[in-house]
Amino acid sequence: MAQVIRVFTPLVRSIVCRYWKSEFEREEAAHLVWLKAYEKRMDVDPDQSETFAGWLATLARHRCIDRLRRQGRQIGPDRDDPQVSLERATEPARAEELVQRKQLQAALEGFASGLEADWRRFFQLHFQQGLDYSQVAAELGISVRRCKYLKKVLVQKARRHTPLLQALGRGSG
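Here we summarise the structure given alongside this text. (Residues numbered from 1 in each chain as written. Predicted model: local features only at pLDDT ≥ 70, side-chain atom pairs only at ≥ 80, totals over all residues. Heavy atoms only, no water.)

Time to look at the overall build of the protein chain. Helix and strand content of the protein chain: 8 helices and 0 strands. In the protein chain, the succession of helices and strands from N to C terminus is α-α-α-α-α-α-α-α. Sorting the 173 residues of the protein chain into buried and exposed places 30% on the buried side. Only carbon and sulfur atoms are counted for the fraction: they give 51% of the accessible area of the protein chain, which is about 11,300 Å². (Helix = DSSP H or I, 4+ residues; strand = E, 2+ residues; numbered from the N terminus. Buried < 20%, exposed > 50% of the residue type's maximum accessible area, 1.4 Å probe, protein only. Areas by Shrake-Rupley, 256 points an atom, 1.4 Å probe, with all protein chains shown as cover.)

In structure tokens:
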């Protein structure tokens, strides 16, 4: 989830900034968006990852509108309507985001392809699908302790995987 937040924070902030001028209100709204996204994470189809940005943008816009209404503010065409065309407002960010996502996906696939089958399956379940230790343990028929060990080793390997570090913006070059 932390990686998703890091990658998509510019999108969420660009939407939130259209609705509030106060930095405090912007931060609070962004936190509410991420909370709702986390709550609804099971609604996202992992096979449709290219639609995630649109899903998140729609969710953010709706959370902002709901929050404004709870504050008693009205929005609409004859008000201070912050609803600028999302496509036009985020087009450069969307292109850059798409490139970053493709680079990250390629790096993740490269990292995973270098793993043995059992390790790769753990990587997919825990890191990519976000299942917790007990869920992964049940799925793989191993102990939670074994899951923790696998995670520790994979994190160490990932820290030495240059293409993955570069895709995450932590490597040189």
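More follows now that the structure is in view.
Attention now moves to the state of the cysteines. Going through the model one piece at a time under the given rule, you end up with 0 disulfides. Between cysteine 17, a free cysteine, and cysteine 64, which holds the nearest cysteine sulfur, the sulfur-to-sulfur gap is 9.4 Å. (Disulfide = S-S within 2.5 Å.)

Let's shift gears to the packing of helix H5 (residues 117-128) against helix H7 (residues 144-159). The contact between H5 and H7 brings their axes to 10 Å, and the two run at 95 degrees. Relative to H7, the element H5 is oriented roughly perpendicular. Along the contact surface, H5 presents Trp119, Phe122, Phe123, His126 and Phe127, while H7 presents Arg146, Cys147, Tyr149, Leu150, Lys151, Val153, Leu154 and Val155. Of the residues in the contact of H5 with H7, the class split is 10 nonpolar, 1 polar and 2 charged. (Axes fitted to C-alpha atoms, helices over the stretch in contact; angles between N-to-C directions. Parallel < 35°, antiparallel > 145°, perpendicular 65-115°, else oblique. Contact = heavy atoms within 4.5 Å. Nonpolar A, V, L, I, M, F, W, Y, C, P; charged D, E, K, R; others polar.)

Another point: the side chain of histidine 126. For histidine 126, the position within the fold is in helix H5. A distance of 2.9 Å separates the side chain of histidine 126 from the backbone oxygen of leucine 131, its partner in a polar contact. When near neighbours in sequence (up to four residues on either side) are disregarded, histidine 126 contacts Leu131, Asp132, Tyr133, Val136 and Lys151. (Polar contact = N/O pair within 3.5 Å; in protein donor to acceptor, adjacent residues only side chain to side chain.)

Let's shift gears to the environment of valine 12. Structurally, valine 12 is set in helix H1 (residues 2-16). Distance from valine 12 to leucine 59, taken between C-alpha atoms, is 9.4 Å for residues 47 residues apart in sequence. Beyond its immediate sequence surroundings of up to four residues, valine 12 is in contact with Ala30, Val33, Trp34 and Leu56.

A word on the pattern of salt bridges. Counting across every chain of the model gives 7 salt bridges. A salt bridge links arginine 26 to glutamate 23; the shortest N-O distance between them is 3.9 Å. Placement of both arginine 26 and glutamate 23 in helix H2 (residues 23-39) is noted, with a separation of 3 residues, approximately one turn of the helix. Overall, arginine 26 belongs to the buried group, its relative accessible area being 18%. Here lysine 36 and glutamate 39 are joined by a salt bridge, their closest N and O atoms 3.5 Å apart. One end of the pair is lysine 36 and the other is glutamate 39, both in helix H2 and 3 residues apart, which spans about a single turn. (Salt bridge = Lys/Arg side-chain N within 4 Å of Asp/Glu carboxyl O.)

This brings us to H2. For H2, built from 17 residues, the straight-helix expectation of 24 Å at 1.5 Å per residue is met to within 8% by its first-to-last C-alpha distance of 24 Å. Those residues of H2 lying buried are Arg26, Ala29, Ala30, Val33, Trp34 and Ala37. Angular distribution of buried residues about the axis of H2 spans 140 degrees; they occupy a single face of the element. The outward face of H2, more than 90 degrees from its buried face, is lined by the exposed residues Phe24 and His31. (Expected span 1.5 Å × (residues − 1). Arc of directions from axis to C-beta.)

The quantities given are spatial measurements derived from coordinates; they are silent on function.
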